[in-house]
Amino acid sequence: MRLVLIVLLMVLVAALAFHQLYSYDVFTHLAAGRLIFERHAVPRTDPFSETLAGAPWVDHEWLFQVVLYPLFRTGGVRALTLFRILLVVGVFAVVLAAIESRRSHLAAVLLVTAAAMSSYARFQMRPELGSFLFLAVTLVVLVRAQRRPDTRWLFALPVIQLVWVNVHGLFILGPLV
């Protein structure tokens, strides 16, 4: 029964993440990713703005763009949709794993179902999906380290933070949790 509930939950989460690509930001991320691949460097000046062309620009989401562009180039919108579904399912699988041992299995599944249904509007192809995943993984690492005397997983936190800081601005949540 436990496995059936988990599979049904992940199918629901995947269905919530399966929708048309409607975030206009994705095209800016794709263009920036293309530019990074063409120049083999992260742009330091604004290449897109008409009014601020050439102005200093910090592309703090460059790693997300470097992942996104080859996906799009290889598989188009379908690849981006599949990537988004995998990210969202990954987030909620990690969240379920984190809370399942503290609550009854059914309560954990119901809680994660409610969280997924209430947040599905944020399941867009945006760098914040990376932040959701990194936050969930960070919380799991901290919870497990608190419960067990084995603290080896704590060494993963600086690596997570290093990747996260180059994916999305919510990286600041890492040290705060």
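Figured I'd write up the structure that's included with this text. What you see is a predicted model; the values in this text were computed from it and never measured. (Residues numbered from 1 in each chain as written. Predicted model: local features only at pLDDT ≥ 70, side-chain atom pairs only at ≥ 80, totals over all residues. Heavy atoms only, no water.)

The number of helices and strands found in the protein chain is 7 helices and 0 strands. In the protein chain, the succession of helices and strands from N to C terminus is α-α-α-α-α-α-α. Projecting the C-alpha coordinates of the protein chain onto the three principal axes gives extents of approximately 55 × 35 × 25 Å. Taking all 177 residues of the protein chain together, the buried fraction comes to 37%. A fraction of 68% describes how many contacts in the protein chain between residues 6 or more apart in sequence connect residues 24 or more apart. If you sum the accessible surface of the protein chain, you get close to 10600 Å²; carbon and sulfur atoms cover 68% of it. The centroid of the 15 positive side-chain charges in the protein chain is displaced by 12 Å from the centroid of its 9 negative side-chain charges. (Helix = DSSP H or I, 4+ residues; strand = E, 2+ residues; numbered from the N terminus. Buried < 20%, exposed > 50% of the residue type's maximum accessible area, 1.4 Å probe, protein only. Contact = heavy atoms within 4.5 Å. Areas by Shrake-Rupley, 256 points an atom, 1.4 Å probe, with all protein chains shown as cover. Lys, Arg positive; Asp, Glu negative; His and termini not counted. Charge placed at Lys NZ, Arg CZ, Asp CG, Glu CD.)

Take the environment of Val140 next. Among the structural elements, Val140 can be located in helix H5 (residues 128-147). For the pair Val140 and Val94, spaced 46 residues apart in sequence, the C-alpha to C-alpha distance is 7.4 Å. When neighbours within four sequence positions are excluded, Val140 is seen to be in contact with Val94 and Ala98.

Attention now goes to the environment of Phe64. With respect to the helices, strands and loops of the structure, Phe64 is situated in helix H3 (residues 62-100). According to the relative accessible area criterion, Phe64 is buried, its value standing at 5%. Separated by 66 residues in the primary sequence, Phe64 and Gly130 place their C-alpha atoms 7.9 Å from one another. What Phe64 contacts, discounting residues up to four positions off in sequence, is His29, Met125, Arg126, Pro127, Asn166 and Val167.

Another aspect to go through is the packing of aromatic side chains. Summed over the entire model, instances satisfying the criterion amount to 4 aromatic pairs. Here the aromatic rings of Phe48 and Trp57 are separated by 6.0 Å at their centres, their planes lie at 85°, and the arrangement is edge-to-face. By relative accessible area, Trp57 is classed as partly exposed at 24%. Between Phe134 and Trp164 the ring centres are 5.9 Å apart and the planes differ by 40°, which places this aromatic pair in the tilted class. Residue Phe134 is found in helix H5, and its partner Trp164 is found in helix H6 (residues 156-164); the two are separated by 30 residues along the sequence. (Phe/Tyr/Trp six-rings, centres within 6.5 Å; stacked < 30°, edge-to-face > 60°.)

Right, let's get into the environment of Asp59. As for its placement among the helices and strands, Asp59 is situated in the loop between helix H2 (25-39) and H3. Overall, the relative accessible area of 7% leaves Asp59 in the buried class. When neighbours within four sequence positions are excluded, Asp59 is seen to be in contact with Ala32, Ile36, Val42 and Gln65. Among the polar contacts made by the side chain of Asp59, one reaches the side chain of Gln65 at a distance of 3.2 Å. (Polar contact = N/O pair within 3.5 Å; in protein donor to acceptor, adjacent residues only side chain to side chain.)

Looking now at the packing of helix H1 (residues 2-17) against helix H4 (residues 105-119). Interhelical geometry of H1 versus H4 gives an angle of 5° and a closest axis separation of 10 Å. Judged by the angle between their axes, H1 and H4 are roughly parallel. Here Arg2, Leu5, Ile6, Leu9, Leu12, Val13 and Leu16 of H1 come into contact with H4, specifically with His105, Leu106, Val109, Val112, Thr113, Ala116 and Met117. By residue class, the composition of the contact of H1 with H4 is 11 nonpolar, 2 polar and 1 charged. (Axes fitted to C-alpha atoms, helices over the stretch in contact; angles between N-to-C directions. Parallel < 35°, antiparallel > 145°, perpendicular 65-115°, else oblique. Nonpolar A, V, L, I, M, F, W, Y, C, P; charged D, E, K, R; others polar.)

For the rest of this paragraph, the subject is the side chain of Thr138. Tracing the chain through its elements places Thr138 in helix H5. Those residues in contact with Thr138, other than ones at most four positions away along the chain, are Leu157, Ile160, Trp164, Gly174 and Val177.

Another aspect to go through is the pattern of salt bridges. All told, the structure shown has 4 salt bridges when counted by the stated rule. A salt bridge links Glu38 to Arg34, with the shortest nitrogen-to-oxygen separation between them at 3.4 Å. Highlighted residues: Glu38 and Arg34, both in helix H2, separated by 4 residues, approximately one helical turn. For Arg34, a relative accessible area of 35% puts it in the partly exposed group. Here the salt bridges do not stand alone but share partners, grouping Asp25, Arg122, Arg126 and Glu128 into one network. (Salt bridge = Lys/Arg side-chain N within 4 Å of Asp/Glu carboxyl O.)

Shape descriptors only; they carry no functional weight alone.
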